Amino acid sequence: MDMSGGSAEGNDKSEGQRFSSKNKLTALVVDNGGVCRAIQTALLRSYGVETEAVEPGEAAVQLLASGATFNLIIIEMLLPVLNGPETARQIRAMGAQSKILGITSFFDGRQQQEFLAAGADGFIEKPVSPEIVIPIIWELDN
Amino acid sequence: MDRNHLKRQVDLMKRSLFDQGYLDEQFIQLEELQDDDNPNFVEEIVTLFFNDSARLLQNIEQALVSVPIDFARLDNYMHQFKGSSSSIGAKRVKNECTRFKEYCTAGNAEGCFRTFVQVKQEHAILRTKLETYFQAYISFMCVFVLVIFALTYICLLFCLYLFSWQDKLDHLGLQEVKLDDYMDEGGSLIIDLYYKYDKAHMIE
């Protein structure tokens, strides 16, 4: 992994090279908020992760059903119609081995349990930051 | 217009936004994502935020005056609003959203009304401050670009002027003479032009 000039905790460009994945990684952002979708997508792409973004959970399920694969899937908790945990459940039911990260605006233990029970690997509160993303990309990269 | 003065102004404004608690480190993360491929990323995201949040605030306001109040719907709207606020680093707005959520979860309508006033207030203040900040930033960038353009133009004129000397000397029948004799004591001549002085042509 190319960590020269950067650190796992941050992405300080002033220190030289920005952290970037060494392998071709892919990610899917599922969020009905345009601002969150745009920021999470830009953040992942800045680390060399090819990222797609969709708004509803159904679109994410359809995407995977069509054969698309992703190393990382970030799913918002409160999605319209098909909520986050249900989206994760359906993705897992298709046999997807992606790392699934549930995400929410207000951390709630009950929501965390719901997401983990649905097959998610983790659950975090927004905003998505380099401190959260970089260790995940590191893990996927290796 | 003093470019350095403008830059200081922009830096002071930004520092003030952080010192007064309007923004947190998440805003810096947005700036880190701005590069040559996305030169206006921060402004675009902030503009998107204020467009989206205006709609959400309207939805929340309508939900608050509905009878009976649908706290689940209110919670959903605030969930989305808080998510985007925290994602752009709108610290004070985010904090008011958290207070609102507590009243909403408790089914406390009066508390919701009260904190919603604060949410709207912080949102409006942040909007004004960021609009002013971006206007100053754009002014600085315009001056910066103008200065670069002016310097480039001056260099181009200088090069054209130097090359025009060659034409004038050729016209006078001069061949190459070495211009080392014209170097100042510091030897700071940037371009060496070599011409030879042809006495035969001068006689003619």
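Residues numbered from 1 in each chain as written. Chains lettered and ligands numbered in written order. Predicted model: local features only at pLDDT ≥ 70, side-chain atom pairs only at ≥ 80, totals over all residues. Heavy atoms only, no water.

Describing the overall build of chain B
Going by this rule: Strands here are runs of E lasting at least two residues and helices are runs of H or I lasting at least four, both read from the DSSP assignment and numbered beginning at the N terminus. Between buried and exposed lies partly exposed: a residue is buried under 20% and exposed over 50% of the maximum accessible area for its type, with that area taken using a 1.4 Å probe on protein chains only. Pairs of residues are marked as contacts when any of their non-hydrogen atoms sit within 4.5 Å. Surface accessibility follows the Shrake-Rupley procedure with a 1.4 Å probe radius. Residue values consider only the protein chains on display as shielding.
Within chain B one finds seven helices and two strands. In chain B, which comprises 204 residues, the proportion classed as buried is 34%. Nonlocal contacts in chain B, meaning residues at least 24 apart in sequence, comprise 61% of its contacts between residues at least 6 apart. Surface accessibility of chain B: about 12,800 Å² in total, with carbon and sulfur atoms responsible for 56%.

Brief notes about the UniProt feature "modified residue: Phosphohistidine" (unreviewed entry) in chain B
For clarity, the threshold we go by: UniProt positions are given in the numbering used here, feature names are shortened, and annotations may be inferred rather than shown by experiment. Distance and chemistry together define a polar contact, namely a pair of N or O atoms within 3.5 Å, with one atom able to donate a hydrogen and the other to accept it when in protein, and with adjacent residues in sequence counting only for side-chain atoms on both sides.
Under the UniProt annotation, "modified residue: Phosphohistidine" (unreviewed entry) lies at B:H79. Among the structural elements, B:H79 can be located in helix α4 (residues 71-88). Overall, B:H79 belongs to the buried group, its relative accessible area being 4%. If near-sequence neighbours (up to four positions away) are discounted, B:H79 is found in contact with A:E76, A:L78, A:T104, A:S105 and A:F106. Within polar-contact distance, the side chain of B:H79 engages the side chain of A:E76 at 2.6 Å.

Here we look at the confidence of the model for chain B
All names here are of chain B. Applied cut-off: As a per-residue measure, pLDDT tells how confident the predictor is, with possible values from 0 to 100.
Confidence in the prediction for chain B averages 84 pLDDT; 80% of positions are at 70 or higher. Of all helices and strands in chain B, the one with the weakest mean pLDDT is helix α7 (residues 199-203) (45), whereas helix α5 (residues 91-105) scores best (97). Across the interfaces of the predicted complex, the ipTM metric reaches 0.85, alongside a pTM of 0.79.

Observations regarding the interface of chain B and chain A
Size of an interface, as often reported, equals the accessible area lost when the parts are brought together. Using the following cut-off: Buried area: the accessible surface (1.4 Å probe) lost by two parts on joining, summed over both. Salt bridges are defined as contacts in which a side-chain nitrogen from Lys or Arg sits within 4 Å of a carboxyl oxygen from Asp or Glu. Three categories are distinguished: nonpolar for Ala, Val, Leu, Ile, Met, Phe, Trp, Tyr, Cys and Pro, charged for Asp, Glu, Lys and Arg, and polar for the others, with Gly belonging to the last.
The interface is formed by 26 residues belonging to chain B together with 24 residues belonging to chain A. Buried surface at the junction of chain B and chain A, summed over both partners, amounts to about 1,900 Å²; 63% is from carbon and sulfur atoms. Among the residues of chain B in contact with chain A, B:E32, B:L33 and B:H79 are the three that bury the most area, contributing 32% of the side total. At the boundary of chain B and chain A, one finds one salt bridge. Between A:E125 and B:K82 there is a salt bridge, and its shortest N-O distance comes to 3.5 Å. Here chain B is connected to chain A by five residue pairs in polar contact (both at pLDDT 80 or more). Breaking the side of chain B that touches chain A down by element, the ones donating at least two residues are α2 (25-32), α3 (41-65), α4 and α5 of chain B. Among the elements that line the side of chain B that touches chain A, the one with the most residues is α4(B), at 11 residues. Here the residues of the side of chain B that touches chain A sort into nine nonpolar, 11 polar and six charged.

Quick notes on the UniProt feature "domain: Response regulatory" (unreviewed entry) in chain A
Sequence positions flagged by UniProt for "domain: Response regulatory" (unreviewed entry) are, in local numbering, residues 26-141 of chain A. Across residues 26-141 of chain A one finds 46% helix and 22% strand; the C-alpha atoms that close the span lie 11 Å apart.

A look at the pattern of salt bridges
The full count for this structure, using the stated rule, is 16 salt bridges over all chains. Between A:E86 and A:R89 there is a salt bridge; the shortest N-O distance is 2.6 Å. Remark: A:R89 and A:E86 occur in helix α3 (residues 84-93); sequence separation between them is three residues, near one turn of the helix. Between B:K14 and B:E31 there is a salt bridge, with the nearest N and O atoms lying 3.1 Å from each other. In this pair, B:K14 is assigned in helix α1 (residues 3-19) and B:E31 in helix α2, connecting sequence segments 17 residues apart. Owing to a relative accessible area of 23%, B:E31 belongs among the partly exposed residues under this scheme. Three or more residues are tied together by salt bridges with common partners; here these are A:D31, A:E76 and A:K126.

A closer look at the side chain of A:K99
If you trace the backbone, A:K99 turns up in strand β4 (residues 99-104). Those residues in contact with A:K99 that sit more than four places away from it in its chain are A:N71, A:L72, A:I73, A:D121, A:I136, A:E139 and A:L140.

Brief notes about helix α1 (residues 34-46) of chain A
Rule in force here: The span you would expect from a helix comes to 1.5 Å times its residue count less one.
In this model α1(A) runs 18 Å from its N-terminal to its C-terminal C-alpha over 13 residues, within 8% of the 18 Å that 1.5 Å per residue would give. Listed in full, the buried residues belonging to α1(A) are A:G34, A:V35, A:C36, A:R37, A:I39, A:Q40, A:T41, A:A42, A:L43 and A:L44.

Observations concerning the packing of aromatic side chains
Put simply, the rule reads: Aromatic pairing here means that ring centres of Phe, Tyr or Trp (its six-membered ring) are within 6.5 Å. Orientation follows from the plane angle: under 30 degrees is stacked, over 60 is edge-to-face, and everything else is tilted. For a lysine, the NZ atom is tested; for an arginine, the CZ atom; a charge sits over a ring if that atom is within 6 Å of the ring centre and within 35 degrees of the ring normal.
Evaluation of the coordinates by the stated rule reveals nine aromatic pairs over all chains. Taking the centre distance of 6.3 Å and the plane angle of 70 degrees together, the rings of B:F18 and B:F27 count as edge-to-face. Put simply, the rings of A:F107, A:F115 and A:F123 touch in pairs and so form one group of aromatic residues. The ring of A:F106 carries the charged tip of B:K82 above its face, separated from the ring centre by 4.7 Å.

Topic: the nonpolar core
This is how the line gets drawn: Put simply, a nonpolar core is a bunch of buried Ala, Val, Leu, Ile, Met, Phe, Trp, Tyr and Cys residues held in one set by side-chain atoms that sit within 4.5 Å of each other.
In terms of nonpolar packing, the biggest core is built from 62 residues, with A:L44, B:F81, B:F100 and B:L130 touching the most fellow members. When residues of this core are assigned to their parent elements, the largest contribution, 11 residues, is made by α3(B). Setting aside residues no more than four positions away along its own chain, B:F100 makes contact with B:I60, B:L64, B:L74, B:M78, B:C112, B:T115 and B:F116.

Details of the sheet that holds β4(A)
All names here are of chain A. Keep this limit in mind: In this scheme, strands are said to pair when DSSP sees at least two bridges between them. Lines fitted to C-alpha atoms define the axes here, with helix axes fitted over just the stretch in contact, and angles between the N-to-C directions of these axes take values from 0 to 180 degrees.
What the five strands build is an open sheet, ordered β2-β1-β3-β4-β5; its pairing is parallel. Sheet topology places β2 (49-54) and β5 (122-125) at the edges, where each strand pairs with a single neighbour. Taken over all neighbouring pairs, the strand axes of this sheet differ in orientation by 20 degrees on average, direction set aside. Bridge count between strand β1 (residues 25-30) and β2: six bridges; the pairing is parallel. Pairing of V29 across the sheet is with A53, part of β2.

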